[in-house]
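# Coordinates in review
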Number of protein chains: 2
Amino acid sequence: MPNRPVLDFWYEFASPYSCLSALRIEKLAEEADVALRWRPFLLGPIFAAQGWNSSPFAIYPNKGRYMWRDTARRGRRLGIEMLKPENFPQNSLAAARLALAGREEGWTPAFSRAVFRAQFCEGRNIADEVVLGAALKQAGGEPGAAIPLSRSEEVKGRLRAEIEYARSIGIFGAPFFVTGDGEPFWGDDRLEEALGWARDGR
Amino acid sequence: MPNRPVLDFWYEFASPYSCLSALRIEKLAEEADVALRWRPFLLGPIFAAQGWNSSPFAIYPNKGRYMWRDTARRGRRLGIEMLKPENFPQNSLAAARLALAGREEGWTPAFSRAVFRAQFCEGRNIADEVVLGAALKQAGGEPGAAIPLSRSEEVKGRLRAEIEYARSIGIFGAPFFVTGDGEPFWGDDRLEEALGWARDGR
């Protein structure tokens, strides 16, 4: 399919709203005939640069309480049972590196969905290698090869470069969508608008 | 119309997303057969309590740049030309007190829309009494009576009580919608969902 418009989907594994987008984006992108680029990154360094040492949902309790209510409500409409994992926000470094290690073999999207489900539907800890290995297998990856690759300098550098690029184009939260002509959309609630813009150029 | 469901519409005059909601809520509420309570308040004291001395759109430049782009984009879809006033965020104290002074005479909604338009469509400063007087006249209020009333202890106390109540139910941003059964919705992009919940109870 030549000339299919492209949408960059930037997501952070520790972000509940990124989870909602990850679990519904594929079908919507197909309907809009838009090609997706799954771009996992970390918000930690970007938040740190603006003086936050954690997620705003942890720093501001009212915002956090509201977010869990809102994501549960939105999840129910989509048929997704969202829950608050005991441990929040989770350390998403290993998951993000693994997701980037899957780029060549193509299991990044399926792996990412499995990681989000493990964390926000089953309450598992995604810093745990057992959890990540199970997600990898679900996605058709080979833990014995993928986990060492995810720890290579090559993949570590890939993640650093993605974070640096995200920062350079002004990304400050997740999920974040960027169309081929550079139009930015922040938040799961802008997903439909972003796909429409990618398709129609406005 | 007995038993019409009610939706509380909490808004801050300095908030661009509150402007978008104020300019479109009336028609949507009519269609949903929901009665609105217009509840102007101030975010300043609520932000101060969580350590912010200004709007997050002023404190975090990337977030601010994105917000102006997003509100302009959403405004265009609604036929509203939004602009960034030279002075942002503006001091909304006098506007909020005036809006609360109009409760008995019923011009609060029309006055509020006029104030939002003056600020975010014409770039005027809503701390300016001339601007407020013009909005009052547009809304059918009497500046000679309303302005002194807005400075009375009665109306000042009314605003303090509204802010205190908003804080007590966990409101942390604007616009904010609360249904009769206490379901909270934050942001202009939740307006349709809030009206649906008010109407259907879910």
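One can find the structure itself at the top, above this paragraph.
We now turn to the structure provided with this report. (Residues numbered from 1 in each chain as written. Chains lettered and ligands numbered in written order. Predicted model: local features only at pLDDT ≥ 70, side-chain atom pairs only at ≥ 80, totals over all residues. Heavy atoms only, no water.)

Glancing now at the nonpolar core. Counting residues in each nonpolar core, the largest one holds 128 residues, and the members touching the most others are A:Phe13, A:Phe41, A:Phe111, B:Phe13, B:Phe41 and B:Phe111. Those residues within four positions of B:Phe41 in sequence are excluded, and the remaining contacts are B:Trp10, B:Tyr11, B:Glu12, B:Ile46, B:Leu159, B:Ile163, B:Ala166, B:Ile171, B:Gly173 and B:Ala174. (Core = buried A, V, L, I, M, F, W, Y, C linked by side-chain atoms within 4.5 Å. Buried < 20%, exposed > 50% of the residue type's maximum accessible area, 1.4 Å probe, protein only. Contact = heavy atoms within 4.5 Å.)

Right, let's talk about the relation of the copies chain A and chain B for a bit. Screw-axis analysis of chain A against chain B gives a translation of 0.0 Å along the axis, an RMSD of 0.0 Å, and a rotation angle of 180°. Given the turn and translation reported, the copies of this chain are related as if by a two-fold rotation axis. Considering only C-alpha atoms, the part of chain A nearest the rotation axis is A:Asp189, at 3.7 Å. A symmetric contact is evident, with 100% of the interface residues of chain A recurring at the interface of chain B. (Least-squares fit on C-alpha atoms with pLDDT ≥ 70 in both.)

Residues and elements named next belong to chain A. If you trace the backbone, Ser 55 turns up in the loop between helix 2 (44-49) and helix 3 (56-59). Residues Ser 55 and Pro 89, 34 residues apart in the sequence, show an inter-C-alpha distance of 6.6 Å. Not counting the four nearest positions on each side in its chain, Ser 55 is found in contact with Phe 47, Phe 88 and Pro 89. There is a polar contact of 2.9 Å between the side chain of Ser 55 and the backbone nitrogen of Phe 57. (Helix = DSSP H or I, 4+ residues; strand = E, 2+ residues; numbered from the N terminus. Polar contact = N/O pair within 3.5 Å; in protein donor to acceptor, adjacent residues only side chain to side chain.)

A word on helix 6 (residues 108-120) of chain B. Residue and element names in this part refer to chain B. If you check helix 6, its first and last C-alpha atoms are 18 Å apart, about what 13 residues at 1.5 Å a residue would give, namely 18 Å. Most of helix 6 is tucked away: 10 of the 13 residues are buried. Among the residues of helix 6, Thr 108, Pro 109, Phe 111, Ser 112, Ala 114, Val 115, Phe 116, Ala 118, Gln 119 and Phe 120 are the ones counted as buried. (Expected span 1.5 Å × (residues − 1).)

What follows covers the interface of chain A and chain B. At the junction of the two partners, chain A supplies 25 residues and chain B supplies 25 residues. When the two sides are added together, the surface that chain A and chain B hide from each other amounts to roughly 2,500 Å², 48% of it contributed by carbon and sulfur. Looking only at chain A, the three residues that lose the most surface to chain B are A:Tyr66, A:Arg73 and A:Arg190, adding up to 23% of its buried area. Run the count over chain A and chain B and you get 14 salt bridges. Its salt-bridge partner being B:Arg73, residue A:Glu183 comes within 2.8 Å of it at the nearest N-O pair. At the boundary of chain A and chain B, one finds 16 residue pairs in polar contact (both at pLDDT 80 or more). Of all the secondary structure elements, the ones that give two or more residues to the side of chain A that touches chain B are helix 4 (61-78), strand 4 (184-186) and helix 10 (191-200) of chain A. For the side of chain A that touches chain B, the leading source of residues is helix 4 of chain A, giving eight residues. (Buried area = accessible area lost by both parts, 1.4 Å probe. Salt bridge = Lys/Arg side-chain N within 4 Å of Asp/Glu carboxyl O.)

With that settled, consider the packing of aromatic side chains. Evaluated as defined, the whole model comprises 45 aromatic pairs over all chains. A ring pair is formed by A:Tyr60 and B:Trp52, whose centres lie 5.1 Å apart and whose planes are at 75°; its orientation type is edge-to-face. Taken together, the residues span two chains, with A:Tyr60 in the loop between helix 3 and helix 4 and B:Trp52 in the loop between helix 2 (44-49) and helix 3 (56-59). An aromatic cluster is present here, built from A:Phe9, A:Tyr11, A:Phe13, A:Trp38, A:Trp107, A:Phe111, A:Phe116 and A:Phe177 joined pairwise through their rings. (Phe/Tyr/Trp six-rings, centres within 6.5 Å; stacked < 30°, edge-to-face > 60°.)

Let's shift gears to the pairing of strand 2 (residues 35-40) of chain A. Residue and element names in this part refer to chain A. Among the six residues of strand 2, five are classified as buried, and the element is accordingly described as predominantly covered. Sheet analysis places strand 1 (residues 6-11) next to strand 2, joined by six bridges and oriented parallel. Within strand 2, the position partnered with Asp 8 by the bridge is Arg 37. Read from strand 1 through helix 1 (residues 16-32) to strand 2, the crossover connection turns out right-handed. (Pairing = 2+ DSSP bridges. Right-handed = clockwise from strand over helix to strand, strands pointing away.)

Let us now look at the sheet that holds strand 3 (residues 176-179) of chain B. Spatially, the four strands line up as an open sheet ordered 2-1-3-4 (chain B), and their pairing is mixed. Each edge of the sheet is formed by a strand with only one pairing partner; in this case those strands are strand 2 (35-40) and strand 4 (184-186) of chain B. Geometrically, the sheet is characterised by an average inter-axis angle of 20° between neighbouring strands, direction not taken into account. Pairing geometry for strand 3 of chain B and strand 4 of chain B, over three bridges, is antiparallel. Bridging across to strand 4 of chain B, B:Phe176 finds its partner in B:Trp186. Along the sheet, helix 4 of chain A makes contact with strand 3 and strand 4 of chain B, crossing strand 4 of chain B at roughly 100°. (Axes fitted to C-alpha atoms, helices over the stretch in contact; angles between N-to-C directions.)

The omega torsion across B:Phe88 and B:Pro89 is -10°, close enough to zero to call that bond cis. Looking at the secondary structure, you find B:Pro89 in the loop between helix 4 (61-78) and helix 5 (93-101). With an omega of 0°, the peptide bond running from B:Ala174 to B:Pro175 counts as cis. For B:Pro175, the location among the structural elements is in the loop between helix 9 (153-168) and strand 3. Residues other than glycine seldom take positive phi values, yet A:Asp33 does so here, at roughly 60°.

Let us look at the sheet that holds strand 4 of chain A. Residues and elements named next belong to chain A. One open sheet holds the four strands; their spatial order is 2-1-3-4, and the pairing between them is mixed. Each end of this open sheet is capped by a strand with a single partner; those strands are strand 2 and strand 4. On average, each strand axis in the sheet is inclined to that of its neighbour by 20°, with strand direction left out of account. Strands strand 1 and strand 2 of the sheet are contacted by helix 6 (residues 108-120), whose axis makes an angle of about 55° with strand 2. Each of strand 1, strand 3 (176-179) and strand 4 touches helix 10; the most contacted strand, strand 3, lies at about 10° to it.

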